[in-house]
Amino acid sequence: MNEIDKNAVREELDRKNLLGLHRELTRQRRLRTAVMATLLIALLTTVVFGTLEDPFLYTFSNIGNFFDYRVFFIVWSILAGVAIQAAILALFRLEDYLPGRRLKNVLLVLAVVLLVATALIPALKDVYPTWHVLHFVTAILHAVCVCGAFVPFSLWVSRENPRLRRIIAGMIAAVWGGSLLALVFFGKSGLFEMWFYVGMIVFLLYLSLVLFEEKIVKLSVAFLRDEDNLNLAIEKYFVDLERKNAAKDGSASK
């Protein structure tokens, strides 16, 4: 098969007023990959950190403060906080969720800040009792901010997409209900934290897969609608015009 001429593809798309649509398709595919890759890294890091010591005996804070894992604890808080909140923000924008209302974005920023603050503040009750109380408060506020931003969005998505209603309801019950049950049956241990963060990340991975795929399919239908040769059209679909431009601009600057 002959290699596709990117200049010819660009000219054709520009002539058909499809160049902007092609750019949006490329952007959405890249964003989906970035969001899901970051979430997978956060998932792996959460499991590794949470099992450095026995999660049935030690909370994440215990692992980060009682043992020599304090730096890892802080790194985990930054990575998990940024990955989770960035994924939620990407879904907000993807679905055009409550545009113009800043409270949801403020809650996401606060959630990251509070999670990192929780890791930074020592949780050694006997040595730093005041700091320990503050550590507990920031942890609770972090959970409140995450729930305040994400749960209403999840319910909104279930109303807008009835086919996802049962799955979303089940995942909400599994994440938050499962965390509470782990807390009730196993007490204050790392198990309920592990359940919460792993459940949240898996939930976000599912929503990212489904909602990005839906968006990409809609754009793809519009892109391929008037094409006679679908095989050739699909080749054009995957042509990376932006990479060519970046390389061309870099060589021109030299």
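Just so you know, these numbers come straight off a predicted model, no measurement behind them.

What counts as what
Residues numbered from 1 in each chain as written. Predicted model: local features only at pLDDT ≥ 70, side-chain atom pairs only at ≥ 80, totals over all residues. Heavy atoms only, no water. Axes fitted to C-alpha atoms, helices over the stretch in contact; angles between N-to-C directions. Helix = DSSP H or I, 4+ residues; strand = E, 2+ residues; numbered from the N terminus. Parallel < 35°, antiparallel > 145°, perpendicular 65-115°, else oblique. Left-handed = near helix turned anticlockwise from the far one by under 90°. Contact = heavy atoms within 4.5 Å. Nonpolar A, V, L, I, M, F, W, Y, C, P; charged D, E, K, R; others polar. 1 Å grid on protein atoms, 1.4 Å probe; cavity = no way out; pocket = protein on both sides within 12 Å on 5 of 7 lines; lining within 4 Å. Points joined across faces, edges and corners; volume = space filled by probe spheres on them. Core = buried A, V, L, I, M, F, W, Y, C linked by side-chain atoms within 4.5 Å. Buried < 20%, exposed > 50% of the residue type's maximum accessible area, 1.4 Å probe, protein only. Polar contact = N/O pair within 3.5 Å; in protein donor to acceptor, adjacent residues only side chain to side chain. Phe/Tyr/Trp six-rings, centres within 6.5 Å; stacked < 30°, edge-to-face > 60°.

### Overview of the packing of helix 6 (residues 129-160) against helix 7 (residues 165-186)
Piece 1. The contact between helix 6 and helix 7 brings their axes to 8 Å, and the two run at 160°. In terms of orientation, helix 6 and helix 7 fall into the roughly antiparallel class. Of the two possible hands of crossing, helix 6 and helix 7 adopt the one that is left-handed. Residue-level contacts link Cys147, Phe150, Val151, Ser154, Leu155, Val157, Ser158 and Arg159 of helix 6 to Arg165, Ile168, Ile172 and Trp176 of helix 7.
Piece 2. In terms of residue class, the contact of helix 6 with helix 7 is built from eight nonpolar, two polar and two charged.

### With respect to the layout of surface pockets
Piece 1. Roughly 730 Å³ of internal volume is contained in the largest pocket.
Piece 2. Residue lining of the largest pocket: 29 residues in total, with Phe136, Ala139, Ile140, Phe192 and Glu193 positioned closest to the centre.
Piece 3. Going through the elements one at a time, helix 3 (60-66), helix 4 (70-95), helix 5 (103-120), helix 6, helix 7 and helix 8 (190-224) are the ones with two or more residues in the lining of the largest pocket.
Piece 4. The leading source of residues in the lining of the largest pocket is helix 6, at eight residues.
Piece 5. Taken together, the residues that form the lining of the largest pocket break down as 18 nonpolar, eight polar and three charged.

### Details of the nonpolar core
Piece 1. By size, the foremost hydrophobic cluster in this structure holds 52 residues, and its most contacted members are Phe150, Phe153, Met200, Phe203 and Leu204.
Piece 2. Elements with a contribution of two residues or more to this core: helix 2 (19-50), helix 3, helix 4, helix 5, helix 6, helix 7 and helix 8.
Piece 3. The residues touching phenylalanine 153, leaving out its near neighbours within four places in the chain, are Leu91, Phe92, Glu95, Tyr97 and Leu211.

### Overview of the side chain of arginine 32
Piece 1. Its place among the elements puts arginine 32 in helix 2.
Piece 2. Reaching out from arginine 32, the side chain makes a polar contact with the side chain of glutamate 213 at a distance of 2.6 Å.

### Notes on the packing of aromatic side chains
Piece 1. Within the structure shown, the criterion is met by 21 aromatic pairs.
Piece 2. Where tyrosine 58 meets phenylalanine 67, the ring centres are 5.0 Å apart and the plane angle is 90°; that geometry is what we call edge-to-face.
Piece 3. Ring centres 6.3 Å apart and planes at 40° place the aromatic pair phenylalanine 67 and tyrosine 69 in the tilted group.
Piece 4. Residue classification places phenylalanine 67 among the partly exposed residues on the basis of a relative accessible area of 27%.

Note that all results are geometric; they support no functional claim without further evidence.
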